[in-house]
Amino acid sequence: MKIHVLLSPLNADELYFTGKTVVVVDVLRATTTIITALKNGAKKITPVESVDFAVKVSGGISGGHTLLAGERNTLMVEGFALGNSPLEFTEEAVKDKSIILFTTNGSKAIVRAKFAENLLIASFNNVSAIANRLAELGNDVEILCAGSNGMFCVEDTVCAGWIISAIQEKTEDVELSDSAKASLVLKKHFGKRILKMLKDSEHGQLLIGNGFEEDLKVAAEVDSTDLVPVYVQGEIIAPDFSGSKKSKPEKK
Ligand code: MLT
């Protein structure tokens, strides 16, 4: 299995992802929020590339069974039901709801990879579950870090390193690109000090400044869920993969 990490979406157009197995990571905060929403019973999430498109897809309705969610510069878009803080996506708020989500980088990165054969959504919250699924699939993997406006983000790359490390625990047959090796180096550098790394990161600092420090704690939780959200035909859902073939036994 070859693993490559795209440190930002900048150098890959939509066609680059055609037929590939892709994992999108936006630790702060889009993929953390998507995973939280599904964990709390959201039916599905439709990621979109613009606020206008979000409103169009919702048919102008936000409330009832469909909720518009998302942020601009980390703050809730005016008129939307929810922002992009995982703490807003409680069971009470999202159970059985369909959510249309716009975020500055994360939702766009997911849509950019829409031609992937398998498109998985990851954060620190589901590292092991993602690694298990990737080992089951056995395909080459592209980990797409959402980054920030086309730039590198440390937190996404460290999370990519965690996913690679977890895959290496499952299978010996792994070949790493230079960026995948660099992600592993960063993972080893920070070790378990994930919350500190998030607090020191540029986006972490912005979130703290805007009153979202508690979100970093949610984002820093490793393996808080077994969910493996997948993007299928425009929607993110969390299928039950427990019936699929067992992953290879762990390396001793
Ligand atoms: C993004 O997609 O850029 C982020 O999730 C921004 C945020 O809400 O922190």
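The structure contained in this document is the topic of the report that follows.

## Comments concerning the overall build of the protein chain
Right, on to step 1. The number of helices and strands found in the protein chain is ten helices and eleven strands.
Right, on to step 2. Since a compact globule built from 252 residues should have a radius of gyration of about 18 Å, the 17 Å found for the protein chain is in line with a globular shape.
Right, on to step 3. Taking the principal axes of its C-alpha atoms as reference, the protein chain extends roughly 50 × 40 × 35 Å.
Right, on to step 4. Per-residue burial for the protein chain yields a buried fraction of 53% across its 252 residues.
Right, on to step 5. Across the protein chain, the fraction of contacts at a sequence separation of at least 24, relative to all contacts at a separation of at least 6, is 78%.
Right, on to step 6. As displayed, the protein chain offers around 11500 Å² of accessible surface, 51% of which is attributable to carbon and sulfur atoms.
Right, on to step 7. Charge separation in the protein chain, taken as the distance between the mean sites of 28 positive and 33 negative side-chain charges, equals 3 Å.

## With respect to the site of the ligand
Right, on to step 1. Around the ligand, the neighbouring residues are D26, L28, R29, A30, E71, N84, T103, T104, N105, G106, H203 and L207.
Right, on to step 2. Here D26 contributes a side-chain N or O atom positioned 3.0 Å from an oxygen atom of the ligand.
Right, on to step 3. Here T103 contributes a side-chain N or O atom positioned 2.6 Å from an oxygen atom of the ligand.
Right, on to step 4. Out of a free accessible area of 270 Å², the ligand has 99% covered by protein chains.
Right, on to step 5. The cavity that encloses the ligand is the second largest pocket.

## What about unusual backbone geometry?
Of all residues except glycine, most have a negative phi; of all peptide bonds, most are trans.
Right, on to step 1. With an omega dihedral of -5 degrees, the bond running from L28 to R29 counts as a cis peptide bond.
Right, on to step 2. Positionally, R29 belongs in the loop between β2 (21-25) and α1 (30-39).

## Concerning the packing of aromatic side chains
Right, on to step 1. For the structure shown, the criterion picks out two aromatic pairs.
Right, on to step 2. For the pair Y16 and F17, a centre-to-centre distance of 5.2 Å together with 90 degrees between the ring planes defines the contact as edge-to-face.
Right, on to step 3. A relative accessible area of 27% places Y16 in the partly exposed class.
Right, on to step 4. In this structure F17 comes out as buried when scored by relative accessible area, which is 0%.
Right, on to step 5. Between F124 and W162, the aromatic rings sit 6.3 Å apart at their centres with planes inclined by 85 degrees, giving edge-to-face as the arrangement. Highlighted residues: F124 in the loop between β7 (118-122) and α5 (127-137) and W162 in helix α6 (residues 154-170), separated in sequence by 38 residues.
Right, on to step 6. Judged by relative accessible area, F124 falls into the buried class, the value being 0%.
Right, on to step 7. Positioned over the ring face of W162 is K187, at 4.6 Å from the centre of the ring.

## Re α5
Right, on to step 1. Along α5, eight of the eleven residues are buried, which leaves the element largely enclosed by surrounding structure.
Right, on to step 2. Three or more residues of α5 are buried, namely V127, A129, I130, A131, R133, L134, A135 and E136.
Right, on to step 3. Its buried side turned inward, α5 meets β2, β7, β8 (141-145) and α6.
Right, on to step 4. The positive-phi residue at the C-terminal boundary of α5 is G138, with phi of around 70 degrees.

## Concerning the nonpolar core
Right, on to step 1. Counting residues in hydrophobic clusters, the biggest one holds 41 residues, and the most contacted among them are V23, F124, I143 and I163.
Right, on to step 2. If one sorts the elements of this core by residue count, α6 sits on top with nine residues.
Right, on to step 3. Ignoring any residue separated from it by four or fewer positions in sequence, one finds I163 in contact with V23, V25, A122, V127, I130, A131, L134 and I143.
Right, on to step 4. L6, V24, A116 and I236 belong to the second-largest nonpolar core, a separate cluster that totals 27 residues.

## Remarks on the side chain of S183
Right, on to step 1. Structurally, S183 can be placed in helix α7 (residues 178-190).
Right, on to step 2. On the basis of relative accessibility, which here comes to 0%, the residue S183 falls in the buried class.
Right, on to step 3. If we skip the residues at most four places from it in the chain, S183 touches V5, L7, T157, A160, G161 and I164.

Conventions adopted
Residues numbered from 1 in each chain as written. Predicted model: local features only at pLDDT ≥ 70, side-chain atom pairs only at ≥ 80, totals over all residues. Heavy atoms only, no water. Helix = DSSP H or I, 4+ residues; strand = E, 2+ residues; numbered from the N terminus. Rg over C-alpha atoms; globule rule 2.2 N^0.38 Å. Buried < 20%, exposed > 50% of the residue type's maximum accessible area, 1.4 Å probe, protein only. Contact = heavy atoms within 4.5 Å. Areas by Shrake-Rupley, 256 points an atom, 1.4 Å probe, with all protein chains shown as cover. Lys, Arg positive; Asp, Glu negative; His and termini not counted. Charge placed at Lys NZ, Arg CZ, Asp CG, Glu CD. Near = heavy atom within 4 Å. Polar contact = N/O pair within 3.5 Å; in protein donor to acceptor, adjacent residues only side chain to side chain. 1 Å grid on protein atoms, 1.4 Å probe; cavity = no way out; pocket = protein on both sides within 12 Å on 5 of 7 lines; lining within 4 Å. Sits in = over half its atoms within 2 Å of the grid points. Phe/Tyr/Trp six-rings, centres within 6.5 Å; stacked < 30°, edge-to-face > 60°. Lys NZ or Arg CZ within 6 Å of the ring centre and 35° of its normal. Core = buried A, V, L, I, M, F, W, Y, C linked by side-chain atoms within 4.5 Å.

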